[in-house]
Amino acid sequence: MTQDTQDRNPQDDQVVVIGGGLAGCECAWQLAERGIAVRLVEMRPHRRSPAHQTDGLGELVCSNSFRSDAPENAVGLLHEELRRAGSLMLRLADVHRVPAGDALAVDREKFSADVEAHIAGHPRIRVVRTEVERLPLDERLPVVVATGPLTSDALAADIARMTGQERLSFFDAIAPILDAPSIDEEKVFRASRWGKGDGDDYVNCPMDKVQYLAFIDALLQAETSVTEEFEKDAHYFPGCLPIEVIAASGPKSLRFGPMKPTGLDDPRTGRWAYAIVQLRAENRDKTAYNMVGFQTKMKQGEQRRVLRMIPGLEQVEFLRYGSVHRNTFLDSPKLLDEAMCLKSSPQLRFAGQITGVEGYLESTASGLWVGARLAADLRGTELPPPSPTTSLGALLRHVREGSPSGFQPSNVHFGLFPALDPAVVGRKPNKADRKAGMRDRARLDLPDWLRRIGISVEPASEVPPVEACG
Ligand SMILES: Cc1cc2nc3c(=O)[nH]c(=O)nc-3n(C[C@H](O)[C@H](O)[C@H](O)COP(=O)(O)OP(=O)(O)OC[C@H]3O[C@@H](n4cnc5c(N)ncnc54)[C@H](O)[C@@H]3O)c2cc1C
């Protein structure tokens, strides 16, 4: 079944964007704002992916966070760059922000509803609800494929046929969401690490050594929902490792990872606990909490048994259980050019996580680039990617070039940036100076590109700070 949100004449479409996720919506918006008529095709509600829960455009499938908003790191810097470049997703994330320390977390339902309102309400975007099973190459329009890590099977098979490559896949894991009133407030305390944010953004469940070791024991014994066969194929993204996989690498590994207690003073003891489980608000009203870094592949009954061993969660109700899922991405350095066009068929472009960027933010960034570049190409103007010294440019370069050890998806981090000039920062700058140097260099190098995409540039120091919501 096909359903249009608008009655604009289909003959007027100038570009087809497939996929109404973060990349597809950002890409469609960038094109439409530059005067180009877009057909945006989304398969939900007719077909759902294994992870999407709603029919809304721009759905965040797992965590509700776009991660750190601090420009001292590459993620926060990418936030800043996308805001300056006119990203719709960042603008709406700021509008629907919920308290989360220095992270940009959002009320996912309101965020998605607003994305839908902006996209479906744009006079140059026509939203069509249907599954694309084959690449629509016969229409002679540029096509952007932004179907994400859970591209439907039929389309993935067609892409594999087209690219001549076996589809590559690995598996991400998602964390449970808990019902707030079922958390025992007597046993937990509210604080942000090192007192950042509003101070009480996170709920912290402290554990002593005996509790921690018993928890690790139970975790390692728990039954998982995946087969040995699945496990052999699963190459988890390092930032999304299931807790069982982390625990299996050593009894203290979780304590140095998602259960790290540092910077969290327990007000009842005045000290750091042996280990901490952190919960982050899912919405402004704090009716639900996400278990931070607690992606798990345990069976649901085992999640109830094992996670209820955590102090404060003895009676907890699960609003969503953790699970593991497929991720599909292309060998982009071999297949795509800098505009993200398929080298063998340049009418076809890719955007978002399917290109091998990893994360909501990075997928948004990719959508912004593909939209801006395609608009320039249609106008016959030149638009090179931003300098790799910027966060956006470094991410795009990773997709274009990969790394010497082969191509793996990546989120953005300073390791993707070119090294700093020793004449500027000395031969061995400390970590803080290195980060500051990369940030300052990026801020100097971005404006030239912003002007090329038609943004009037104000000095970075005058970029208005985004107010955190109280
Ligand atoms: C289980 C899981 C958990 C994740 N957790 C996180 C997280 O916590 N934080 C984070 O930053 N990132 C996370 N990611 C990665 C995150 O999903 C992506 O980074 C981001 O959503 C990708 O954006 P996208 O626009 O490329 O794809 P998506 O947001 O997935 O959007 C793709 C859209 O295309 C549609 N579609 C698919 N096939 C077709 C078709 N044939 N025809 C028409 N429409 C189609 C889909 O329905 C979907 O709406 C997770 C991914 C998975 C799979």
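The rules behind the values
- Residues numbered from 1 in each chain as written.
- Predicted model: local features only at pLDDT ≥ 70, side-chain atom pairs only at ≥ 80, totals over all residues.
- Helix = DSSP H or I, 4+ residues; strand = E, 2+ residues; numbered from the N terminus.
- Contact = placed C-beta atoms within 7 Å.
- Pairing = 2+ DSSP bridges.
- Core = buried A, V, L, I, M, F, W, Y, C linked by C-beta atoms within 7 Å.
- Buried ≥ 20, exposed ≤ 12 C-beta atoms within 10 Å, placed from the backbone.
- Near = placed C-beta within 6 Å.
- Nonpolar A, V, L, I, M, F, W, Y, C, P; charged D, E, K, R; others polar.
- Arc of directions from axis to C-beta.
- Axes fitted to C-alpha atoms, helices over the stretch in contact; angles between N-to-C directions.
- Left-handed = near helix turned anticlockwise from the far one by under 90°.
- pLDDT = per-residue confidence, 0-100.

**Some words on the overall build of the chain**
- Assigned secondary structure in the chain consists of 14 helices and 19 strands.
- Of the contacts made within the chain by residues no fewer than 6 positions apart, 72% connect residues no fewer than 24 positions apart.

**What to know about the environment of N64**
- Among the secondary structure elements, N64 is positioned in the loop between β2 (38-42) and β3 (65-68).
- Those residues in contact with N64 that lie beyond four places of it in its chain are A105, V106, R108, E282 and N290.

**A word on the sheet that holds strand β18 (residues 341-342)**
- Ordered by their spatial adjacency, 6 strands build an open sheet running β6-β2-β1-β7-β19-β18, and the pairing between neighbours is mixed. Every other strand in the sheet has two partners, leaving β6 (125-129) and β18 as the edge strands with one partner each.

**Topic: the nonpolar core**
- Counting residues in hydrophobic clusters, the biggest one holds 124 residues, and the most contacted among them are V17, A28 and V144.
- If one sorts the elements of this core by residue count, helix α11 (residues 360-379) sits on top with 9 residues.
- Those residues within four positions of V17 in sequence are excluded, and the remaining contacts are G24, C27, A28, V38, L40, V144 and A146.

**Comments concerning the site of the ligand**
- By nearness alone, 37 residues border the ligand, and G19, G21, C62, G148 and G352 come closest of all.
- Secondary-structure elements contributing two or more residues to the shell around the ligand are α1 (22-33), β2, β8 (168-174), β17 (323-329) and α11.
- Looking at the shell around the ligand residue by residue, the class counts come to 16 nonpolar, 17 polar and 4 charged.

**Section: the sheet that holds β3**
- Strand order in this open sheet of 3 strands is β3-β5-β4, and the pairing throughout is antiparallel. Of all the strands in the sheet, the pair left with one neighbour each is β3 and β4 (97-98).
- Both β4 and strand β5 (residues 103-106) contribute to a ladder of 2 bridges, which runs antiparallel. Looking across to β5, one finds that R97 is bridged to V106.

**A short note on the pairing of β5**
- The two faces of β5 match: A103 and A105 on one face and L104 and V106 on the other face are all buried.
- Connecting β4 to the next strand, β5, in antiparallel fashion are 4 residues, including G101 with a positive phi near 60°.

**Examining helix α5 (residues 153-163)**
- Within α5, the full set of buried residues consists of L155, I159 and T163. The buried residues of α5 occupy an angular sector of 65° when projected down its axis, which confines them to one face.
- Packed against the buried residues of α5 are β7 (143-145), α10 (332-335) and β18.
- One or two steps after α5, the chain reaches G164, where phi turns positive at roughly 70°.

**A word on the packing of helix α2 (residues 74-84) against α11**
- Remark: α2 packs on α11, axes separated minimally by 11 Å, with the N-to-C direction vectors making an angle of 35°. As α2 packs across α11, the resulting crossing turns out to be left-handed. Along the contact surface, α2 presents V75, L78 and L82, while α11 presents L361, T364, A365 and L368.

**Here we look at the environment of V38**
- Tracing the backbone through its elements, the reader meets V38 in strand β2.
- The spatial distance from the C-alpha of V38 to the C-alpha of V15 is 5.0 Å, given a sequence separation of 23 residues.
- Excluding its chain neighbours within four sequence positions, the residues that come into contact with V38 are V15, V17, A28, L31, A32, R124 and I125.

**Things to note about unusual backbone geometry**
- With omega at 5°, the peptide bond leading from R44 into P45 counts as cis.
- We note that R67 has phi near 70°; this positive angle belongs to a residue other than glycine.
- R67 gets classed as buried once you count the C-beta atoms within 10 Å, which come to 23.
- Residue W194 is not a glycine yet carries a positive backbone phi of 60°.
- Inspection of the secondary structure assignment puts W194 in the loop between β10 (189-190) and β11 (202-207).

**Observations concerning the environment of I243**
- Tracing the sequence through the fold places I243 in helix α8 (residues 243-248).
- As for I243 and T296, which are separated by 53 residues in sequence, their C-alpha atoms are 5.7 Å apart.
- Beyond its immediate stretch of four places on either side in the chain, I243 contacts L219, L254, P258, F294, Q295 and T296.

**Digging into the pairing of strand β15 (residues 288-291)**
- Judged from the 3 bridges that link them, strand β9 (residues 177-179) and β15 form a sheet pairing that is antiparallel. Bridging across to β15, I177 finds its partner in N290.
- Relative to β15, strand β14 (residues 275-281) runs antiparallel, the two sharing 3 bridges. Bridge assignment links A281 to a residue of β15, and that residue is Y289.

**Some details on the confidence of the model for the chain**
- Counting all residues, the mean pLDDT for the chain is 88, and 89% of those residues have values of 70 or more.
- Segment residues 1-5: pLDDT under 50, and 10 contacts once partners within four positions in sequence are set aside and those in other chains are kept.
- The low-confidence segment residues 461-470, where pLDDT is below 50, has 12 contacts with residues more than four positions distant or belonging to other chains.

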